[in-house]
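A look at the structure
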Amino acid sequence: MFLGLVFQQFYSLVDTMIVGKYLGVDPFAGVGSTGSLNFIVIGFSMGLCSGFSVPISQSFGAKDFPLLRKMVTNSVWLCTFFSVVITTLMLLFCRPVLTWMNTPENIFEYAYIYIFIIFAVIPCTILYNMTAAILRALGDSKSPIIFLAISSAINIGLDLLLIIVFRMGVDGAALATVVSQGVSGVISIIYIKKKFDILAMEKGDWNLAGKLTGVGIPMGLQYSITGIGSVILQTAVNGLGSIYVASMTAGSKINIFLACPFDALGQTMAPYAGQNIGARKLDRVGKGLRAACIIGFIVSGLMVIVVKLFGDQLTMLFLDEKDPVIMQNSTQFLIIVSAFYCLLTLVNTVRFTIQGMGFSSLAIIAGVMEMIARGIAGMLLVPAFGYLGACYSSPLAWLLADAFLIPAFFLCKRKVARQLEVGKA
């Protein structure tokens, strides 16, 4: 799952690297300024699909294959519905939202062109994330990596072809992203149809559709609510000017890439917890969570060392020439954020464990905590401390989320234990 996330980050990472190297600072800042808005929408789609996979993994853990097939069938229809709704809404409102976000005039059109194309093919994003979530729910986390590696290679090739050879702008970067992501989804569908006979489509059951949305929408909202705080923060950073937008873009892209191990640990815990709850093995849930946290804490220390040694060099991946202001700001952001990766470890592992146990609605509260923290950073810290205030937004968000999630996990564990005891009786 870690490798899958690494490859998935190539979609946006390579886009911004090539845009920064070959198109300049303004297009680079324009693409970067859409990151928080993109996170709200794409994050909702990813969370939705991850939520649908929880009942699927529980059915698989319980070896109830007829129910499993019905769950998958309903997931497909629900993904189709949400694809149409989300795409329509975002195409209508992306320009007004960018205006509301105070996007600097010199980068506005770059931002709009890029995000419009990305939103136009949201079904491709949902297609891949749903098929990958189903495969992971069935215990196959390797195949999605292979498919994503293939599409990542296609993405890099198309980026170079469209931007360097055909001299397209940010629209070329966006097209490369959506085409390659669509390819990964189609390959996943073909593989599932050939490999898993137990997933043959059956007639849908709208009662199950309600159960799936009851898990999927809270998980999707968890991302989106967090993203609202990021939009408020991005709006504040936009007010500082395009240089600071570019600095935050470079730092954030590197941070997202460095955070892949922690995201992978979190996403691993949802199907892991779901399967073990389905198999009535609650003790394994706690053991798995402890193991994931230990791994995350070790990796946190390693990432601090990486940032200290290579922060400037990582920033230069996005620039066509050395810009001391952007380099200094980006490295400062990375040093501050990486120092608190231990908090991010707890956010991801505990939150996804709670979701896998069937308490997705509680994760929304953690998302609200993160939203509040980033909103405070955007409305208070950035006006008071400038760019430095923006650097502390994520650590503050993780701290508030952990303050809720850790006691919530123990409450959920006790509740599940009582339910299992009742089931035995």
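Residues numbered from 1 in each chain as written. Predicted model: local features only at pLDDT ≥ 70, side-chain atom pairs only at ≥ 80, totals over all residues. Heavy atoms only, no water.

Some words on helix H12 (residues 282-316)
- Between its first and last C-alpha, H12 extends 47 Å over 35 residues, near the 51 Å set by a 1.5 Å rise per residue.
- Phe310 marks where H12 bends most, by close to 75 degrees. (Helix = DSSP H or I, 4+ residues; strand = E, 2+ residues; numbered from the N terminus. Expected span 1.5 Å × (residues − 1). Bend = angle between axes of the 7 residues up to and from the residue.)

Some remarks on unusual backbone geometry
- One non-glycine residue, Asn102, lies in positive phi territory at about 60 degrees.
- Note on placement: Asn102 falls in the loop between helix H4 (65-100) and helix H5 (105-120).
- The exposure class of Asn102 is partly exposed, given its relative accessible area of 42%.
- Unlike most non-glycine residues, Arg280 shows phi in positive territory, near 65 degrees. (Buried < 20%, exposed > 50% of the residue type's maximum accessible area, 1.4 Å probe, protein only.)

Re the environment of Gly239
- Here Gly239 lies in the loop between helix H9 (206-238) and helix H10 (242-258).
- Each C-alpha atom of the pair Gly239 and Asp402 lies 30 Å from the other, and the pair is 163 residues apart in sequence.

Quick look at the side chain of Ser83
- Mapping Ser83 onto the fold places it in helix H4.
- According to the relative accessible area criterion, Ser83 is buried, its value standing at 8%.
- The residues touching Ser83, leaving out its near neighbours within four places in the chain, are Pro123 and Ile126. (Contact = heavy atoms within 4.5 Å.)

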